[in-house]
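# An overview of the molecular structure
Take a look at the letters that make up each chain.
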Amino acid sequence: CRLVVAWTGLVIILAHECVRGWIKYAVNNWYREFYDLLESAGAMAANSSTTQESWTRSQQQVTISIFEFCKIAAVSVFVMPFAKFARSAWALHWRLALMNAYISMWSPNKQTIEGASQRVHEDSYRFARGVELCLTTVLDSVITLGVFVPVLNGLGSSTKCPNSLHFLAWLGGGWLTGLAIFSALVGFLVTMILGHRLVGLEVKNQVVEAKLRRDLVVLESTPSAI
């Protein structure tokens, strides 16, 4: 049963990320077409020789474009809540499996570790949440990259690489893709360098919180000790 839940949840998450990638691509195309229509409609409104028939046709095209966006939004409205529920249920089963594994190794004959029950509760939640976030983030990044690389290559082929980015000129029409990847790598390295110390600070914060919990337990059981 757990195996079925694990693989079913993974397939649902993968399908959800694919749908999200398609929605991003569809919305990007819709923006381009819609604003082109608005530009054409604005030019027609400024032109005194525009006929009523042409103006009516332009209004109809804008209306049809808005309905096309409603179709894209409807997919998101119906899919996202179900996918969110499936992801939450999947993470919950991960957490329950971890807690069952921890509890199965719990021995009443060994000396009790202070705060062990709280650690089982919090650590299983954090691990399940971390697995969910890591998986969805990686899938979202890969699918988004796969969807928009052709778009960036198409734009890069129709525009010239600026002189300030001459180090990307060797990529030819893929210079925009190279710029996007280069920017992402720089941001990742900066985040990794600046965030390295945050791990140590988090560990120290956990140590302080553990001492506080221990003192509160002692205060509750033997107030005279504090």
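Everything discussed here concerns the structure shown above.
Presented here is a report on the structure given in the accompanying data block.

### Overview of the overall build of the protein chain
A tally of regular secondary structure across the protein chain gives four helices and zero strands. Principal axes of the C-alpha set define a box for the protein chain whose edges measure 95 × 45 × 40 Å. Put simply, the protein chain has 226 residues, and 20% of those count as buried. In the protein chain, once contacts between residues fewer than 6 apart in sequence are set aside, the share between residues at least 24 apart is 70%.

### What to know about the packing of aromatic side chains
Under the definition given, this model contains five aromatic pairs. Between Trp30 and Phe69, the ring centres sit 4.7 Å apart and the planes meet at 40°, which makes this aromatic pair tilted. Here Trp30 is found in helix α1 (residues 2-46), whereas its partner Phe69 is found in helix α2 (residues 52-104), with 39 residues between them in sequence. Between Phe34 and Tyr35, the aromatic rings sit 5.7 Å apart at their centres with planes inclined by 70°, giving edge-to-face as the arrangement. Classification of Tyr35 as partly exposed rests on a relative accessible area of 48%. Among the aromatic residues, those joined into a cluster by ring pairs are Trp30, Tyr31, Phe34, Tyr35 and Phe69.

### A look at the pattern of salt bridges
Opposite charge on two side chains allows them to pair when their charged atoms are near. Under the definition given, this model contains five salt bridges. A salt bridge links Arg20 to Asp140, with the nearest nitrogen and oxygen atoms 3.8 Å apart. Here Asp140 lies in helix α3 (residues 116-158) and Arg20 lies in helix α1, a separation of 120 residues in the sequence. Take Arg20: its relative accessible area is 26%, and that puts it in the partly exposed class. Here Lys24 makes a salt bridge to Asp140, at a shortest N to O gap of 2.9 Å. Of this pair, Lys24 sits in helix α1 while Asp140 is found in helix α3, placing the two residues 116 residues apart along the sequence. When its relative accessible area of 28% is taken as the criterion, Lys24 is described as partly exposed. Through salt bridges that share partners, Glu17, Arg20, Lys24 and Asp140 make up one connected network.

### Observations regarding a nonpolar patch on the surface
A cluster of nonpolar residues, Phe167, Phe182, Val186, Phe188, Leu189, Val190, Met192, Ile193 and Leu194, forms a patch on the protein surface that exposes about 890 Å² of accessible area. Tracing the backbone through its elements, the reader meets Leu189 in helix α4 (residues 175-221). A residue is classified by how much of its surface remains accessible, and Leu189, at 44% relative accessible area, is partly exposed.

### Side note on α2
In this model, α2 (53 residues) spans 78 Å end to end at C-alpha, consistent with the 78 Å of a helix rising 1.5 Å per residue. Of all bends in α2, the biggest is about 25°, found at Val79, and the proline Pro81 comes one to four residues later. Listed as buried for α2 are Ser58, Val62, Ser65, Ile72, Ala83, Ala86, Arg87, Trp90, Ala91, Arg95 and Leu98.

Reading guide: rules and limits
- Residues numbered from 1 in each chain as written.
- Predicted model: local features only at pLDDT ≥ 70, side-chain atom pairs only at ≥ 80, totals over all residues.
- Heavy atoms only, no water.
- Helix = DSSP H or I, 4+ residues; strand = E, 2+ residues; numbered from the N terminus.
- Buried < 20%, exposed > 50% of the residue type's maximum accessible area, 1.4 Å probe, protein only.
- Contact = heavy atoms within 4.5 Å.
- Phe/Tyr/Trp six-rings, centres within 6.5 Å; stacked < 30°, edge-to-face > 60°.
- Salt bridge = Lys/Arg side-chain N within 4 Å of Asp/Glu carboxyl O.
- Patch = residues over 30% accessible without salt bridge, like charges linked within 9 Å, V, L, I, M, F, W, Y side chains within 5 Å.
- Areas by Shrake-Rupley, 256 points an atom, 1.4 Å probe, with all protein chains shown as cover.
- Expected span 1.5 Å × (residues − 1).
- Bend = angle between axes of the 7 residues up to and from the residue.

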